[in-house]
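Next come the chains, spelled out residue by residue.
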Amino acid sequence: MRLIKLKKCPICNFNKFNLKFIYKKKPPLETDFKIKNYYREYYECKHCSHWVSNFRISEKFYEEYYTKQTYGKNYIDRFNKIVLLKNKSDNYKRSNRIEEFIKRNNIQNVSILDVGSGLGVFPYEMSKRGYFIDALDPDKSMFKFMKKNLKINVHNMYFNNFKLKKKFNLITFNKVLEHVTKPLLFLNTARRHLLNENGIVYFEVPDTYRAKKISKLREEFGIEHVNCFTRKSLLKMLDKANYKVLELTRIKEPSGKLTMYAFAKTN
């Protein structure tokens, strides 16, 4: 983990920023990752309004440490608690939205790749509803948990290294793109794994515009969020990656998170 000097916006490549927030200690709602000499900053791109952190997290953090600190040691208990929430769960509402989109657009033979599956609650729910879904996560403990407890295909690797002959007509990034340093690269990688016709990506990201008006201490600005999206920067990213926006909506989730979600199609 380290601080960097920002040179270019990861969305539009512009090189001028405004300093927005400074953190000299862990916010109360943030997971305690035992970071010494806590300090980080958020900057806003003067061109596309995208927010980016000067704090960088290593790949090992996500491979070995992140989920243990976030979910605790007893994964099955945490999993069951979330599943039992039903319509009070962000994952349950997400599954409803995606299923409604599939039915509304009459998408046939649906095959889904969920990137960054974590505990696997979302792929589990979609599998229960009869959809063919593969889960992918770089964390070995999450991979082992899903492989043991969920009857779905699970892959343990980083998405940019993902290789599979199978193609998908829906790829989901649920609270993933804010964690990666190069979100555009993820969308370009998704294109390689989508069916050429009717390939759809679905993603959720924290809503920076609404969250900043409330408090810099909100969880939308957690230390693991390298990128913070505004509607303007999100649309810019999709345009640069050559995706057509089909739907873009702001919501407040059952958990209280402020979120933007989008469906987009390859051009």
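Residues numbered from 1 in each chain as written. Predicted model: local features only at pLDDT ≥ 70, side-chain atom pairs only at ≥ 80, totals over all residues. Heavy atoms only, no water.

Q: When you look at the packing of aromatic side chains in this model, what are you seeing that I'm missing?
A: Where two aromatic rings form a pair, the distance of their centres and the angle of their planes describe that pair. Overall, the coordinates contain 19 aromatic pairs when judged by the stated rule. Ring geometry for tyrosine 42 against phenylalanine 221: centres 5.8 Å apart, planes inclined by 65 degrees, an arrangement best described as edge-to-face. One end of the pair, tyrosine 42, is in strand 3 (residues 40-45); the other, phenylalanine 221, is in the loop between helix 7 (208-214) and strand 11 (227-228), with 179 residues separating them in the sequence. Of the residues examined, phenylalanine 221 reaches a relative accessible area of 1% and is grouped as buried. The positively charged end of arginine 97 is found above the aromatic ring belonging to tyrosine 261, 4.6 Å away from the centroid. Note that lysine 216 overlies the ring of tyrosine 23, its terminal NZ or CZ placed 5.1 Å from the centroid. (Phe/Tyr/Trp six-rings, centres within 6.5 Å; stacked < 30°, edge-to-face > 60°. Helix = DSSP H or I, 4+ residues; strand = E, 2+ residues; numbered from the N terminus. Buried < 20%, exposed > 50% of the residue type's maximum accessible area, 1.4 Å probe, protein only. Lys NZ or Arg CZ within 6 Å of the ring centre and 35° of its normal.)

Q: Even after reading the chapter, I still don't get the sheet that holds strand 10 (residues 200-206), so can you show me in this structure?
A: Paired through their backbone hydrogen bonds, the strands of a sheet run either parallel or antiparallel. Strands sit in the order 8-7-6-9-10-13-12 across an open sheet of 7 strands; the sheet is mixed. Each of the sheet's edge strands pairs with one partner strand only, and the pair in question is strand 8 (153-155) and strand 12 (243-252). Each adjacent strand pair in this sheet contributes to an overall mean axis angle of 20 degrees, direction not counted. Judged from the 4 bridges that link them, strand 6 (residues 111-115) and strand 9 (residues 170-174) form a sheet pairing that is parallel. Counterpart to leucine 113 in the pairing with strand 9 is isoleucine 171. Contacting strand 6, strand 7 (132-136) and strand 9, helix 4 (residues 121-128) crosses the sheet at an angle of about 170 degrees to strand 7. Of the strands in this sheet, strand 10, strand 12 and strand 13 (258-266) are in contact with helix 8 (residues 231-240), which crosses strand 12 at around 155 degrees. (Pairing = 2+ DSSP bridges. Axes fitted to C-alpha atoms, helices over the stretch in contact; angles between N-to-C directions. Contact = heavy atoms within 4.5 Å.)

Q: Hey, could you run me through the packing of helix 2 (residues 75-84) against helix 5 (residues 140-149) in this one?
A: To characterise two packed helices, one gives the angle between the axes of the helices and the distance between these axes. For the pair helix 2 and helix 5, interaxial distance at closest approach is 11 Å and the crossing angle is 65 degrees. On the basis of their axis angle, the class for helix 2 and helix 5 is roughly perpendicular. When you trace helix 2 past helix 5, the crossing you get is right-handed. The segment helix 2 lies against helix 5, with Tyr75, Ile76 and Phe79 engaging Ser141, Met142, Phe145 and Asn149. Taken together, the residues of the contact of helix 2 with helix 5 break down into 5 nonpolar, 2 polar and no charged. (Parallel < 35°, antiparallel > 145°, perpendicular 65-115°, else oblique. Left-handed = near helix turned anticlockwise from the far one by under 90°. Nonpolar A, V, L, I, M, F, W, Y, C, P; charged D, E, K, R; others polar.)

Q: Explanation requested: the sheet that holds strand 3 in the structure shown.
A: Taking strand neighbours across the sheet as the criterion, the 4 strands line up as 2-3-4-11 in an open arrangement whose pairing is antiparallel. Two strands lie at the open edges of the sheet, namely strand 2 (17-23) and strand 11, each paired on one side alone. Across 6 bridges, the pairing between strand 2 and strand 3 is antiparallel. Looking at the pairing, isoleucine 22 lines up with glutamate 41 of strand 3.

Q: For this particular structure, what's the right way to read empty space enclosed by the protein?
A: By rolling a water-sized probe across the atoms, one finds the places where empty space is left. Evaluated as defined, the whole model comprises 1 cavity of 30 Å³ or more. Here the largest cavity is characterised by a volume of approximately 70 Å³. Around the largest cavity, the lining residues are Ile82, Val83, Lys86, Ser89, Asn91, Tyr92, Val121, Tyr124, Glu125 and Lys128. Those elements that provide at least two residues to the lining of the largest cavity are helix 2, helix 3 (90-104) and helix 4. The dominant element in the lining of the largest cavity, judged by the number of residues it contributes, is helix 4, at 4 residues. (1 Å grid on protein atoms, 1.4 Å probe; cavity = no way out; pocket = protein on both sides within 12 Å on 5 of 7 lines; lining within 4 Å. Points joined across faces, edges and corners; volume = space filled by probe spheres on them.)

Q: Explain the environment of aspartate 207 here, please?
A: With respect to the helices and strands, aspartate 207 occurs in the loop between strand 10 and helix 7. Owing to a relative accessible area of 0%, aspartate 207 belongs among the buried residues under this scheme. Distance from aspartate 207 to phenylalanine 221, taken between C-alpha atoms, is 9.8 Å for residues 14 residues apart in sequence. The contacts of aspartate 207, once residues within four sequence positions are left out, are Glu220, Phe229, Arg250, Leu258, Thr259 and Met260.

Q: What's the story with the nonpolar core in this structure? I'm lost.
A: Across soluble globular proteins, you tend to see nonpolar side chains buried next to one another. Counting residues in each nonpolar core, the largest one holds 36 residues, and the members touching the most others are Phe159, Ile171, Phe173, Phe203 and Tyr243. Every element with two or more residues in this core is listed here: strand 6, strand 9, helix 6 (183-193), strand 10, helix 8 and strand 13. For this core, the leading source of residues is helix 6, giving 4 residues. Not counting chain neighbours up to four residues away, the residues in contact with isoleucine 171 comprise Leu113, Val115, Ala190, His193, Leu194, Ile200, Val201 and Tyr202. By size, the runner-up hydrophobic cluster in this structure holds 29 residues, among which are Val121, Phe122, Phe145 and Ile152. (Core = buried A, V, L, I, M, F, W, Y, C linked by side-chain atoms within 4.5 Å.)

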